[in-house]
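For reference, the chains in residue letters:
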Amino acid sequence: GPWGLKSPRHLYLQAVTNAIFAQSTGKPRQPLQLLVARDPRDICSGTNKGQFHLYSQFFRGTVTADDATHFPSFQSCLLFWAEVWVQTLSQMDVSNRPSSALAVIRIEDLVLEPVSVAMPLVRCCLVRIDLGGTPDDSIRRGLESMHQFANSYSGRDKNNSTKASMEAAIEGFPSAHPAMGMLGYSTRGYQRLTPMAVEVLAPHQTCHL
């Protein structure tokens, strides 16, 4: 039956894992991947920046200060986030239709949208990764449990001064704008837009399989 491995670090080894799956199956197919995106304003101003500190040296992002709310370090983390997503999405064939090997979902669409809105989104995502038989009750319970963390997303736990500093950093840092557009994050304040990358599943969009 279906099985999965939760390991964000494998995102940095896509070429290797793709080659391993192709070799083991004898078919040129990619492993099914579900990626969860989060607004970089929350990523780079939060306390958990383990991925940034461990792997930024392999991308263009660099560690410039321990406190990532400090302006230069926030930009460095933002650049790392942008590079990871640009490289990840550019490796997928999205020229004609969504790749069956990849689905990207924004965490904000799960914790901030009503359960009735988020459920079709999750269902589409599960079908994409061959888990379409998941019962509705399981999906509903999972979404309801996530809603208790809603205040940690989209700047709800930040004061106006912190938000203003982040907005100034992002608006003046165009290197991050392409990745934000791909994922549908506005560069002018906490707002979700229609994603430009077809691999990104969003509420109220047709589910392409």
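About the cut-offs
Residues numbered from 1 in each chain as written. Predicted model: local features only at pLDDT ≥ 70, side-chain atom pairs only at ≥ 80, totals over all residues. Heavy atoms only, no water. Disulfide = S-S within 2.5 Å. Buried < 20%, exposed > 50% of the residue type's maximum accessible area, 1.4 Å probe, protein only. Helix = DSSP H or I, 4+ residues; strand = E, 2+ residues; numbered from the N terminus. Polar contact = N/O pair within 3.5 Å; in protein donor to acceptor, adjacent residues only side chain to side chain. Contact = heavy atoms within 4.5 Å. Pairing = 2+ DSSP bridges. Axes fitted to C-alpha atoms, helices over the stretch in contact; angles between N-to-C directions. Expected span 1.5 Å × (residues − 1). Phe/Tyr/Trp six-rings, centres within 6.5 Å; stacked < 30°, edge-to-face > 60°. Lys NZ or Arg CZ within 6 Å of the ring centre and 35° of its normal. Core = buried A, V, L, I, M, F, W, Y, C linked by side-chain atoms within 4.5 Å. pLDDT = per-residue confidence, 0-100.

Enquirer: Please explain the state of the cysteines as it appears in this structure.
Expert: Here a disulfide denotes a covalent bond joining the sulfur atom of one cysteine to the sulfur atom of another. Summed over all chains, the structure comprises 1 disulfide. For the unlinked cysteine Cys125, the closest cysteine sulfur is that of Cys124, found at 7.4 Å. According to the relative accessible area criterion, Cys125 is buried, its value standing at 4%.

Enquirer: Could you clarify how one ought to interpret the side chain of Lys158 in this entry?
Expert: On the secondary structure map, Lys158 appears in the loop between helix 7 (136-146) and helix 8 (160-171). A distance of 3.0 Å separates polar atoms of two side chains, one belonging to Lys158 and the other to Asp42. Reaching out from Lys158, the side chain makes a polar contact with the side chain of Ser45 at a distance of 3.4 Å. If we skip the residues at most four places from it in the chain, Lys158 touches Arg41, Asp42, Ser45, Lys163, Met166 and Tyr190.

Enquirer: Teacher, can you tell me more about the pairing of strand 2 (residues 102-106) here?
Expert: Look at any regular strand and the pattern is simple: side chains alternate between the two faces of the sheet. Among the 5 residues that make up strand 2, 5 are buried, leaving the element largely enclosed by the rest of the structure. Across the two faces of strand 2 the burial is the same, with Leu102, Val104 and Arg106 and Ala103 and Ile105 all buried. Sheet topology note: the strand 1 (residues 33-37)/strand 2 ladder contains 5 bridges and is parallel. Bridge pairing links Gln33 to Leu102 in strand 2. Across 2 bridges, the pairing between strand 2 and strand 3 (residues 200-201) is parallel. When the sheet's bridge partners are listed, Val104 is paired in strand 3 with Val200.

Enquirer: Is there a simple way to explain the environment of Ile105 in this structure?
Expert: Inspection of the secondary structure puts Ile105 in strand 2. Its relative accessible area of 4% is what places Ile105 among the buried residues. Put simply, Ile105 and Cys125 are 20 residues apart on the chain and 7.7 Å apart in space, counted from C-alpha to C-alpha. Those residues in contact with Ile105 that sit more than four places away from it in its chain are Leu34, Leu35, Val36, Ala37, Leu110, Leu121, Cys125 and Leu201.

Enquirer: Explain the sheet that holds strand 3 here, please?
Expert: Sheet strands pair via backbone hydrogen bonds, and the direction of the pair is either parallel or antiparallel. Sheet architecture is open: 3 strands sit in the order 1-2-3, paired in parallel fashion. Of all strands in the sheet, those bounded by a partner on one side alone are strand 1 and strand 3. Running at roughly 160 degrees to strand 2, helix 6 (residues 115-128) makes contact with strand 1, strand 2 and strand 3 of the sheet.

Enquirer: What should I look at first to understand helix 6 in this one?
Expert: Residue pairs three or four apart in sequence face the same way in an α-helix, which turns once every 3.6 residues. Compared with an ideal rise of 1.5 Å per residue, which puts 14 residues at 20 Å, helix 6 spans 20 Å between its outermost C-alpha atoms and is within 8% of the ideal. Of all 14 residues in helix 6, 10 are buried, a share of seventy percent or more. Looking only at helix 6, the buried set comprises Val115, Val117, Ala118, Met119, Leu121, Val122, Cys124, Cys125, Leu126 and Arg128. Lining the buried residues of helix 6 we find strand 1, strand 2, helix 5 (107-111), helix 7 and strand 3.

Enquirer: Explain the packing of aromatic side chains here, please?
Expert: A ring pair, where both rings are aromatic, is described by two values, the distance of the centres and the angle of the planes. Scanning the entire structure with this criterion turns up 1 aromatic pair. Directly above the ring of Tyr190 sits Arg41, whose terminal nitrogen or CZ lies 5.0 Å from the centroid. One Lys or Arg, Arg106, reaches over the ring of Tyr185 and ends 5.9 Å from the middle of that ring.

Enquirer: When you look at the nonpolar core in this model, what are you seeing that I'm missing?
Expert: For soluble globular proteins, nonpolar side chains are generally found buried alongside one another. Counting residues in hydrophobic clusters, the biggest one holds 29 residues, and the most contacted among them are Phe74, Trp81, Trp85, Leu89, Val104 and Leu183. Where this core is concerned, the elements lending two or more residues are strand 1, helix 3 (50-55), helix 4 (71-90), strand 2, helix 8 and helix 9 (177-183). Take this core: its biggest share by element is 10 residues, from helix 4. Among the nonpolar cores identified, the runner-up in size contains 19 residues, and Ala103, Val111, Val122 and Tyr153 belong to it.

Enquirer: Whenever I open this one, the confidence of the model for the chain confuses me. Can you help?
Expert: Regions with low pLDDT should not have their predicted coordinates read in detail. When pLDDT is averaged along the chain, the result is 78, and 76% of the positions lie at 70 or above. Here residues 63-72 is a poorly scored stretch, pLDDT under 50, and it has 16 contacts once near neighbours within four places are set aside; other chains count. Confidence drops under a pLDDT of 50 for residues 93-98, and excluding neighbours within four residues, the segment shows 11 contacts in the predicted structure.

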